[in-house]
Amino acid sequence: MVARVAGVFDEKLTEAIANSKLLVVGAGGIGCEILKNLVLTGFPYIEIIDLDTIDVSNLNRQFLFHKEHVGKSKAQVAKDSALSFNPNVTIVAHHDSVISNDYGVKYFKQFNIVMNALDNRVARNHVNRLCLAADVPLIETGTAGYAGQVELIKKGLTQCYECQPKAPQKSFPGCTIRNTPSEPIHCIVWAKHLFNQLFGEEDPDQDVSPDTADPEAAGDAGQSALSNESTTAGNVERKSTRAWAAETNYEPEKLFTKLFGDDIRYLLSMENLWKKRRPPTPLSWENLPGKDAPKIQHSGLPDQRVWTVYECAQVFAASCKALQTDLKSRPGDDHLVWDKDEKSAMDFVTACANIRAHIFNIPLKSRFEIKSMAGNIIPAIATANAIVAGLAVLRAQSILKGEIESCTSVYLRPKVNHRGQLFVPEKTLTPPNPKCYVCPPKPEVALACNLKKLTLKDLDTAFKEGLNMQAPDASVEGKGLVILSSEPGETEHNNDKTLEQIGLNDGCALLVDDFLQNYEVRVRLQQEDEENSWRLVTDTDEPMPAPKAAENSANGSNGAKDPAPGPSRSRQDSDSDMEIIEEDDDEPTMKPPKRRRVEMSDEVVEIC
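Residues numbered from 1 in each chain as written. Predicted model: local features only at pLDDT ≥ 70, side-chain atom pairs only at ≥ 80, totals over all residues. Heavy atoms only, no water.

### Things to note about the overall build of the protein chain
Filter applied, for reference: Helix numbers and strand numbers start at the N terminus; a helix is a DSSP run of H or I with at least 4 residues, a strand a run of E with at least 2. Residue exposure ignores everything except the shown protein chains as possible cover, and the areas themselves are Shrake-Rupley values with a 1.4 Å probe.
Within the protein chain one finds 15 helices and 15 strands. A total accessible area of about 26300 Å² is found for the protein chain, and carbon and sulfur atoms account for 50% of it.

Structure (structure tokens):
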């Protein structure tokens, strides 16, 4: 295409493009735009990875997808649509998770550039680490409403994705919220959308669940919808959730049965979604977990106790009636506005979020935690996606020309700044953070904990949630003793033993590695008698923020027991600023040979 037109690019760039191989991770809003730009530019070989299928909510901003594509693989449809622009390009589509064993360092090394179009922090961390290990330039992209950013990540030259602590993620794709939640915040956003659908200002983009009129997936579930005629504008008509609820007089049992029973069974019929994810479990109003469980005393404040699913259902029923009464008392077409300080509204969101979390095997949260986590979802804007994708491809061209020093971060502002700029570039490349726990040659971090209380299972949680690892293996430095293995069955018999009981003491150093990410970090254990959980420490004078509340690791737990050790923040805010100690003069420490894990649970939700 453009690269083949004489005079558009100089000879050096034309040749570099012709010999390049690019990887695009994510085929959603930004990914579609990037793929379109690449094929029209004339990049000859592109691979694209995306796990998800196309949802009806994607159609308004992901222009490579149309109504007839709903339920199909995003990667495959994006490939087919892009080839219609330029059939001379070779595109390899992978309907898979980038965290799969199939995409390791060797796979990444074959590409000249990797372009990230993800909205999931777990997957972004993973790609960041693999690009560092493979020493391949990574172009990281992202948007939030009308704002956006393009950033180059290059080993030893720039900061990596994990060099700086991240604020909690507040922008989530609609299909993740509606179909494949994987974190508590996804369920909280869904519950807030449900509040608006039933009692607040209705927004079609916030529809919370599939129904028989929506073409949500391939297979039997979507066939009737796909056969329906669309409107003259080409849109799919939906039945209002509020209209249906009003017909039932907001009967709690009927609402519960539809939202947490029928709709979940409908999602299960979308078979492509569950090939590599743990499927949800529908609930029945008559047979709820925790109904006959004895009430256990809780030492904390009432709002800090996690309700059982049965208690959530009772609160759901009571809050539905209270909110319905409030809505009826208002004049005309007036509606309620969600307020975290309004009891019935907060009760409703807490109950709905936790019921949905139980269904999708996600840890439940207390009312206090949900109140603190509840935030506004930021809409995806098609024009912002297009602008950021264009900037990303320009950066790719500069990299191929060897002008990597010019590839500074660029920020798209929602409105022009005081200098009249809509695009604000950094003046220079941002160097690596010396305290980063990922990109230095020998990263190290301290883990403050009570060795007499912290169990091996809690240590595994600390590595996964604090260090963002997928499959951690840990051995004692200098001894070669394996204390934690990602190989099923090797160390699980020690899960309930404390670190002291397995022979670890204050100052002990662990070599922790993740073969999926080709990542290793040295972890120093730091004994603190008063510490009831764990925290990562940058240095002895400036510890990481201590936990506010423990993460309940048991799906569906009623939370009545004393909190288990866990991170201070919700999982989506687990990026941490940790201490790195350079030890260039030390000899490398021998460690046991790395084992590959045969099976893995792949529940990462990628771009939608």
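Moving on, there is more to tell.
### Thoughts on the side chain of Arg 535
Selection rule: Buried means the residue's accessible area, taken with a 1.4 Å probe over protein chains only, is under 20% of the maximum for its type, while exposed means over 50%, and partly exposed covers the values in between.
Examined against the element boundaries, Arg 535 turns out to sit in strand 14 (residues 534-539). Since its relative accessible area comes to 12%, Arg 535 is described here as buried.

### Quick look at unusual backbone geometry
A positive phi angle is found at Asp 135, which is not glycine, with a value near 55 degrees. Mapped onto the secondary structure, Asp 135 falls in the loop between helix 5 (121-134) and strand 5 (138-144). Look at Asp 135 and you get partly exposed, because its relative accessible area is 40%.

### Some points on helix 11 (residues 309-328)
Rules: For a helix, the expected span equals 1.5 Å multiplied by the number of residues minus one.
Here helix 11 is 20 residues long and its end C-alpha atoms lie 28 Å apart, about the 28 Å a rise of 1.5 Å per residue gives. Burial in helix 11 covers these residues: Val 309, Glu 311, Cys 312, Ala 313, Val 315, Phe 316, Ala 317, Ser 319, Cys 320, Leu 323, Gln 324 and Leu 327.

### Side note on the side chain of Gln 397
One can find Gln 397 in helix 14 (residues 382-400). Taking relative accessible area as the criterion, Gln 397 reaches 11% and is therefore assigned buried.

### What about the sheet that holds strand 4 (residues 113-116)?
Stated formally: A pair of strands counts as paired when DSSP detects no fewer than two bridges linking them. Geometry is summarised by axes, namely lines fitted to C-alpha atoms with helices restricted to the contacting stretch, and by angles between N-to-C directions that run from 0 to 180 degrees. What makes two residues a contact is simply this: any of their non-hydrogen atoms within 4.5 Å.
Spatially, the 8 strands line up as an open sheet ordered 3-2-1-4-5-6-7-8, and their pairing is mixed. Each edge of the sheet is formed by a strand with only one pairing partner; in this case those strands are strand 3 (90-94) and strand 8 (423-425). Pairwise comparison of adjacent strand axes, ignoring direction, gives a mean angle of 15 degrees for this sheet. The pairing of strand 1 (residues 22-25) with strand 4 spans 4 bridges and is classified as parallel. For Leu 22, the partnering residue across the bridge sits in strand 4 and is Ile 113. Here helix 3 (residues 74-83) sits on the sheet in contact with strand 2 (45-49) and strand 3, set at roughly 165 degrees to strand 3.

### A few points about helix 15 (residues 456-466)
Two residues of an α-helix separated by three or four positions point the same way, owing to the 3.6 residues in each turn. Burial analysis of helix 15 places 9 of its 11 residues in the buried class, the great majority of the element. Where helix 15 is concerned, the buried positions are Leu 456, Asp 458, Leu 459, Asp 460, Thr 461, Ala 462, Phe 463, Glu 465 and Gly 466. At the exit of helix 15 stands Asn 468, carrying a positive phi of roughly 60 degrees.

### Quick look at the UniProt feature "active site" (unreviewed entry) in the protein chain
Applied cut-off: UniProt positions are given in the numbering used here, feature names are shortened, and annotations may be inferred rather than shown by experiment.
Those places that UniProt annotates as "active site" (unreviewed entry) correspond, in this numbering, to Cys 175. With respect to the element layout, Cys 175 can be found in helix 6 (residues 174-178). With relative accessibility at 3%, the residue Cys 175 sits in the buried group.

### Notes on the pattern of salt bridges
Selection rule: A carboxyl oxygen of Asp or Glu within 4 Å of a side-chain nitrogen of Lys or Arg is what we treat as a salt bridge.
Under the counting rule described, the total for this entry stands at 21 salt bridges. Between Lys 36 and Glu 33 there is a salt bridge whose closest N-O contact spans 3.3 Å. One end of the pair is Lys 36 and the other is Glu 33, both in helix 2 (residues 29-41) and 3 residues apart, which spans about a single turn. As a salt-bridge pair, Arg 277 and Asp 52 come within 2.2 Å of each other at their nearest N and O atoms. Pair noted here: Arg 277 is in the loop between helix 10 (252-268) and helix 11 and Asp 52 is in the loop between strand 2 and helix 3, with a separation of 225 residues, a long-range link. Asp 52 carries the same exposure label as Arg 277, and that label is buried.

### Comments concerning the packing of helix 10 against helix 11
Using the following cut-off: By definition in this entry, angles of less than 35 degrees are roughly parallel, angles greater than 145 are roughly antiparallel, angles of 65 to 115 are roughly perpendicular, and the rest are oblique. Crossing chirality is assigned from the near helix's rotation relative to the far helix, an anticlockwise turn below a right angle marking it left-handed and a clockwise turn marking it right-handed. Residues are grouped as follows: Ala, Val, Leu, Ile, Met, Phe, Trp, Tyr, Cys and Pro are nonpolar; Asp, Glu, Lys and Arg are charged; all remaining types, including Gly, are polar.
Taken N-terminus to C-terminus, the directions of helix 10 and helix 11 make an angle of 120 degrees; their axes are 10 Å apart at the nearest point. Considering their axes alone, helix 10 and helix 11 lie oblique with respect to each other. Helix 10 and helix 11 meet at a crossing whose hand is right-handed. Facing Pro 252, Leu 255, Phe 256 and Phe 260 of helix 10, the residues of helix 11 in contact are Ala 313, Phe 316, Ala 317, Cys 320 and Lys 321. Looking at the contact of helix 10 with helix 11 residue by residue, the class counts come to 8 nonpolar, no polar and 1 charged.

### Points about the pairing of strand 10 (residues 472-476)
Most of strand 10 sits out of view: 5 of its 5 residues are buried. Across the two faces of strand 10 the burial is the same, with Pro 472, Ala 474 and Val 476 and Asp 473 and Ser 475 all buried. Bridge analysis of strand 10 against strand 12 (residues 509-514) gives 5 bridges, and the strand direction is antiparallel. Paired with Ser 475 across the strands is Leu 511, a residue of strand 12. In this sheet, strand 11 (residues 482-484) lies alongside strand 10 in antiparallel orientation, the contact comprising 2 bridges. Bridging across to strand 11, Ser 475 finds its partner in Val 482. Joining the antiparallel neighbours strand 10 and strand 11 is a turn of 5 residues, in which Gly 478 adopts a positive phi near 85 degrees.

### Quick look at a nonpolar patch on the surface
Operational definition: For patch detection, residues must exceed 30% relative accessible area and be free of salt bridges, and they are connected within 9 Å for like charges or within 5 Å for nonpolar side chains (Val, Leu, Ile, Met, Phe, Trp, Tyr).
There is a patch of nonpolar side chains on the surface, built from Leu 40, Phe 63 and Phe 85 and spanning about 220 Å² of accessible area. Position of Leu 40 relative to the elements: it lies in helix 2.

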